[in-house]
Amino acid sequence: MGLFTRKHSTAAPATTAVMDVDPALAALTGDYTVDAGHSSIGFTVRHAMVTNVRGSFTEHEGTLHLDGADPSRSTASLDIRIDSVDTGMKDRDAHLLGDDFFDAGRFPLMSFRSTTAEQLGGDRYRITGDLTIKDVTRPLSIDLEFNGSATDVYGNERVGFEGSAEILRSDWGLTWNAALETGGVMVSDKVKLTFDISAVKSAAEGRS
């Protein structure tokens, strides 16, 4: 069963919609804070045409608003510190932070602000919004799967989502590359973004 459900009463007039929301799912409605310590934001990009380099951004913060009656009213906001990039190689990370790529000294944050949300079916959702990298803002759609909810050992109410999206980095002005003698380029334009999000319900929204 999906996070959000909507049913229409066949007995009601055609112009009247009756909401029938599962109480357990409706109880998830509220505001949430992303738990950065139990969440990850990663990326994968093809290197030298033959292998993938994987990395992550280890410092980020965000908020969610989930609407159990109407998924289109759900929202998300995320800020990512560029200087927290980690690919497992210091020299490569330094290159990413420099002028060739993110220019982190001038543009320390990457941000996402949602504009629309929709249920695709079951536990699958799509959230679309504006992704800003450096001084460029372009639309991005992220496909997500709802992993469930739980109350942790500290009494926090949690929800979990995982998802992914693909972008062309050149759309955000990240155009650096180098040609290979054998043909092709050093770094692919296509980048896969991955999200594994654990979020905690705000205290005012939690149990009384």
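What counts and how
- Residues numbered from 1 in each chain as written.
- Predicted model: local features only at pLDDT ≥ 70, side-chain atom pairs only at ≥ 80, totals over all residues.
- Heavy atoms only, no water.
- Helix = DSSP H or I, 4+ residues; strand = E, 2+ residues; numbered from the N terminus.
- Buried < 20%, exposed > 50% of the residue type's maximum accessible area, 1.4 Å probe, protein only.
- Contact = heavy atoms within 4.5 Å.
- Areas by Shrake-Rupley, 256 points an atom, 1.4 Å probe, with all protein chains shown as cover.
- Core = buried A, V, L, I, M, F, W, Y, C linked by side-chain atoms within 4.5 Å.
- Phe/Tyr/Trp six-rings, centres within 6.5 Å; stacked < 30°, edge-to-face > 60°.
- Pairing = 2+ DSSP bridges.
- Salt bridge = Lys/Arg side-chain N within 4 Å of Asp/Glu carboxyl O.

Trainee: For this particular structure, what's the right way to read the overall build of the protein?
Mentor: Looking only at helices and strands, the protein features 2 helices and 11 strands. N-terminal to C-terminal, the α/β element order of the protein is α-β-β-β-β-β-β-α-β-β-β-β-β. Put simply, the protein has 208 residues, and 38% of those count as buried. In the protein, of all internal contacts separated by at least 6 residues, the share reaching a separation of at least 24 is 57%. With the model as given, the accessible surface of the protein reaches about 11600 Å², and the carbon-plus-sulfur share is 51%.

Trainee: Where do I start with the environment of leucine 180 in this structure?
Mentor: By the secondary structure assignment, leucine 180 is in the loop between β10 (157–168) and β11 (187–201). Ignoring any residue separated from it by four or fewer positions in sequence, one finds leucine 180 in contact with Ala48, Met49, Val185 and Met186.

Trainee: Sorry if this is basic, but what is going on with the nonpolar core here?
Mentor: Most often, soluble globular proteins keep nonpolar side chains buried together rather than apart. Ranked by size, the top nonpolar core spans 42 residues in total, and within it Phe57, Phe102, Met110, Leu140, Ile142 and Val159 carry the most contacts. Contact partners of phenylalanine 57, with chain neighbours within four places excluded, come to Ile41, Phe43, Ile80, Arg81, Ile82, Ser84, Val85, Phe102 and Met110.

Trainee: Teacher, can you tell me more about the packing of aromatic side chains here?
Mentor: Given two aromatic rings, one states the distance between the centres and the angle between the planes to describe the pair. Tallying each qualifying case throughout the model produces 4 aromatic pairs. With a centroid separation of 5.5 Å and an interplanar angle of 45°, the aromatic rings of phenylalanine 43 and phenylalanine 57 are classed as tilted. Of this pair, phenylalanine 43 sits in strand β2 (residues 40–47) while phenylalanine 57 sits in strand β3 (residues 51–57), and the two are 14 residues apart along the sequence. Given a relative accessible area of 10%, phenylalanine 43 falls into the buried group. With centroids separated by 6.1 Å and ring planes inclined at 80°, the aromatic side chains of phenylalanine 57 and phenylalanine 102 adopt a geometry described as edge-to-face. Placement of phenylalanine 57 in strand β3 and of phenylalanine 102 in the loop between α2 (90–97) and β7 (109–121) is noted, with a sequence separation of 45 residues between them. Neither residue differs from the other here; phenylalanine 57 and phenylalanine 102 are each classed as buried.

Trainee: For this particular structure, what's the right way to read the pairing of strand β1 (residues 30–34)?
Mentor: The two faces of the sheet receive side chains in turn, since in a regular strand these alternate between them. When β1 meets strand β4 (residues 60–66), the two strands line up antiparallel, connected through 4 bridges. Looking at β4, one finds that glycine 30 is bridged to leucine 66. Summarising the sheet, β1 and β11 pair through 3 bridges and their orientation is antiparallel. Opposite tyrosine 32, over in β11, you have lysine 201 as the bridge partner.

Trainee: I keep staring at the environment of arginine 54 and nothing clicks. Help me out?
Mentor: Residue position: arginine 54 is located in strand β3. A relative accessible area of 56% means that arginine 54 is categorised as exposed. Here the alpha-carbon distance between arginine 54 and glycine 88, two residues 34 residues apart in the chain, equals 8.6 Å. Setting aside its immediate chain neighbours within four residues, arginine 54 contacts Phe43, Thr44, Asp86 and Thr87.

Trainee: Honestly, the pattern of salt bridges in this entry has me stumped. Any pointers?
Mentor: Between side chains of opposite charge, pairing is possible as soon as their charged atoms come close. For the structure on display, the rule yields 9 salt bridges. The residue aspartate 67 makes a salt bridge to arginine 73 at a minimum N-O spacing of 3.7 Å. Judged by relative accessible area, which is 57%, arginine 73 ranks as exposed. Aspartate 83 is the salt-bridge partner of arginine 81, the closest N and O atoms lying 2.9 Å from each other. For arginine 81, a relative accessible area of 33% puts it in the partly exposed group. On the basis of relative accessible area, aspartate 83 is assigned to the partly exposed category, the value being 43%. What you see here is one network of salt bridges that share partners, running through Asp35, Asp152 and Arg158.

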